[in-house]
Amino acid sequence: MEQKTNHPETSHTQNQITEGVIWQQLLLFFFPILFGTFFQQLYNTVDAIVVGRFVGKEALAAVGGPTGTLINLLVGFFVGLSSGATVIISQFFGAKREDKVGFAVHTSIAFSLLCGTGIMAVGITFAPLALAAMGTPEDILEYAILYMRIFFLGTIPNLIYNMGSGILRAAGDSKRPLFFLITGCVTNIILDIVLVVYLRMGVAGAAIATILSQTASAVFVVLVLTRTREMYRLVFSRIRLDRRMLNRIIRIGLPAGLQSVMYSVSNVIIQSGVNSLGTDTIAAWTAYGKIDSVFWMIINAFGISVTTFVGQNYGAGKMDRVKKGIRQCLAMTLASSVFLSLFLYHFGFYIFQIFTSDASVLERGMEILKFLVPTFITYVTIEIYSGALRGIGDSWIPMILIMLGVCALRVLWIVVAVPLKRDITTVVFSYPLTWSITTILFIIYFHWFSRLGNRGKRARHL
């Protein structure tokens, strides 16, 4: 039975993504996402800074090292899976299919509640086993288990925020999710200072601050969805799983979810290799990961921008605009990556000092940074092309390319090469090696075989 809107008389907001100057529309969408991603990353970064400075390097290693890798494994799978909802909503929104948008929104929220419950149970139950299996050193294991178990208590609001923000972005609204994240981030900073610095609750205080802040962001995004008069309005009584819509969401989102899992699994293996090098190296890798996250914030923001841009314009049947948008987004992402690489290469040491003053940790951290930062550019094409292909619902082939080019090859490198030369440079070489090979695979597929390539099949309308 098709769903009726509560406000059929309400006119829809003008959809700027399907009109106007392309690069300007991409940047107008990009910057709120970038700042939003920045504040989202700032949650764990603030935790790392506070515990690193006021608890010790063992706590720093625990909060951002093995725990972050395992959290990304579980939560990242859902975020990837939920991208199917974002793609579908953006396509239906661009095509002005109000009934379908309603079904997609309510199914997505129901799906978030279901997945949140499952991930919370798995995370709390299996945290000690997973951390032990990764070879987490004894001096940080207790901290890591405590942090993970508290963090997973906040899984449901975390997933609700991510899904709700995806719904808003699919409709072209990237500003309000940013405001909610800023509010949550400020809350997190205040709570970190109170709980860790003044009440001396250690990593438990950092974890509690994070989940309370994420809950605040989730509440705000739900309030917006329930009070809007647009076609993506959320009505609590209609939250249920629509089988056909859920199948469509999973069909598009499952490859992205599996892709995230494969990335995370390969990173778990890499983290295990790092763990074998001692606490100083784990702490350095953790701090580098926070610096490195600036690159991933930019890449992620451009990836989300191009997915939504392609999805809405594809839904509206504007294929010329789709292809121009992809080219312009790729150029802007390449330029941003080069600039960031130069900046971090020359000023990274000063950023490292924010996290720790330990000389050994700083030395190892700079060794990692000097090696990896110049290779950022080798990943750019993967993100933009896979994001664009996801926007038209083409997710399976990109997932296979990443599975083979990044994940399988990375695991092979760690298993074969690292035992031959057990140092941090050998471990991190797996990143530029696999990015470069996967980029070549994406260029071949995108231009010669995909529906978006000049020599590929003709694009099929929604």
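Remember, predicted model here, so these are calculated numbers, not experimental data.

A.B. asks: Go over the overall build of the chain, please, and point to the residues and values.
C.D. replies: Helix and strand counts for the chain stand at 16 helices and zero strands. For the chain, whose C-alpha radius of gyration is 22 Å, the value lies close to the compact-globule estimate of 23 Å for 462 residues. Overall, the chain is about 65 × 50 × 35 Å in size when its C-alpha atoms are taken along their principal axes. Considering only residue pairs separated by 6 or more positions, the chain has 83% of its internal contacts joining residues 24 or more positions apart. Put simply, the chain shows about 18,800 Å² of open surface, and 65% of that area lies on carbon and sulfur atoms.

A.B. asks: Describe the pattern of salt bridges, with residues and values.
C.D. replies: Summed over the entire model, instances satisfying the criterion amount to two salt bridges. A salt bridge links Asp-173 to Arg-176; the shortest N-O distance between them is 2.6 Å. Classification of Asp-173 as buried rests on a relative accessible area of 13%. For Arg-176, a relative accessible area of 30% gives the class partly exposed.

A.B. asks: Any chance you could break down helix H16 (residues 430-448) for me, citing the residues and the numbers?
C.D. replies: An α-helix turns once per 3.6 residues; consequently, residues spaced three or four apart project the same way. The end-to-end C-alpha distance of H16 is 27 Å, a good match for the 27 Å that 19 residues give at a rise of 1.5 Å each. Within the sequence span of H16, burial applies to Ser-430, Tyr-431, Pro-432, Thr-434, Trp-435, Thr-438, Thr-439, Phe-442, Tyr-445 and Phe-446. Along the long axis of H16, the arc covered by the buried residues comes to 155°, so they all point the same way.

A.B. asks: For the packing of helix H10 (residues 279-315) against helix H12 (residues 359-372), give the residues involved together with the corresponding values.
C.D. replies: Here H10 crosses H12 at 50°, and the two axes come no closer than 8 Å. Classified by the angle their axes make, H10 and H12 are oblique. Considering how the two elements wind past one another, H10 and H12 form a crossing that is right-handed. Along its contact with H10, which presents Asp-280, Thr-281, Ala-283, Ala-284, Trp-285, Tyr-288 and Ile-291, the element H12 presents Ser-360, Val-361, Arg-364, Gly-365, Ile-368, Leu-369 and Leu-372. Among the residues making up the contact of H10 with H12, the classes are represented as nine nonpolar, three polar and two charged.

A.B. asks: Which residues make up H12, and what values do they have?
C.D. replies: Here H12 is 14 residues long and its end C-alpha atoms lie 20 Å apart, about the 20 Å a rise of 1.5 Å per residue gives. Buried residues of H12: Val-361, Leu-362, Gly-365, Met-366, Ile-368, Leu-369 and Leu-372, and no others. Along the axis of H12, the buried positions cluster into a sector of 160°, meaning they face one direction only. In H12, the exposed residues that point more than 90 degrees away from the buried face are Ala-359 and Glu-363.

A.B. asks: So, the packing of aromatic side chains: which residues are in play, and what are the values?
C.D. replies: By the definition in use, this model includes 20 aromatic pairs. The interplanar angle of 70° and the centroid separation of 4.9 Å between the aromatic rings of Trp-296 and Tyr-379 together place this pair among those described as edge-to-face. Residue Trp-296 is found in helix H10, and its partner Tyr-379 is found in the loop between H12 and helix H13 (380-391); the two are separated by 83 residues along the sequence. Sitting over the face of the ring of Tyr-345, Lys-370 holds its NZ or CZ atom 4.0 Å from the ring centroid.

Reading guide: rules and limits
Residues numbered from 1 in each chain as written. Predicted model: local features only at pLDDT ≥ 70, side-chain atom pairs only at ≥ 80, totals over all residues. Heavy atoms only, no water. Helix = DSSP H or I, 4+ residues; strand = E, 2+ residues; numbered from the N terminus. Rg over C-alpha atoms; globule rule 2.2 N^0.38 Å. Contact = heavy atoms within 4.5 Å. Areas by Shrake-Rupley, 256 points an atom, 1.4 Å probe, with all protein chains shown as cover. Salt bridge = Lys/Arg side-chain N within 4 Å of Asp/Glu carboxyl O. Buried < 20%, exposed > 50% of the residue type's maximum accessible area, 1.4 Å probe, protein only. Expected span 1.5 Å × (residues − 1). Arc of directions from axis to C-beta. Axes fitted to C-alpha atoms, helices over the stretch in contact; angles between N-to-C directions. Parallel < 35°, antiparallel > 145°, perpendicular 65-115°, else oblique. Left-handed = near helix turned anticlockwise from the far one by under 90°. Nonpolar A, V, L, I, M, F, W, Y, C, P; charged D, E, K, R; others polar. Phe/Tyr/Trp six-rings, centres within 6.5 Å; stacked < 30°, edge-to-face > 60°. Lys NZ or Arg CZ within 6 Å of the ring centre and 35° of its normal.

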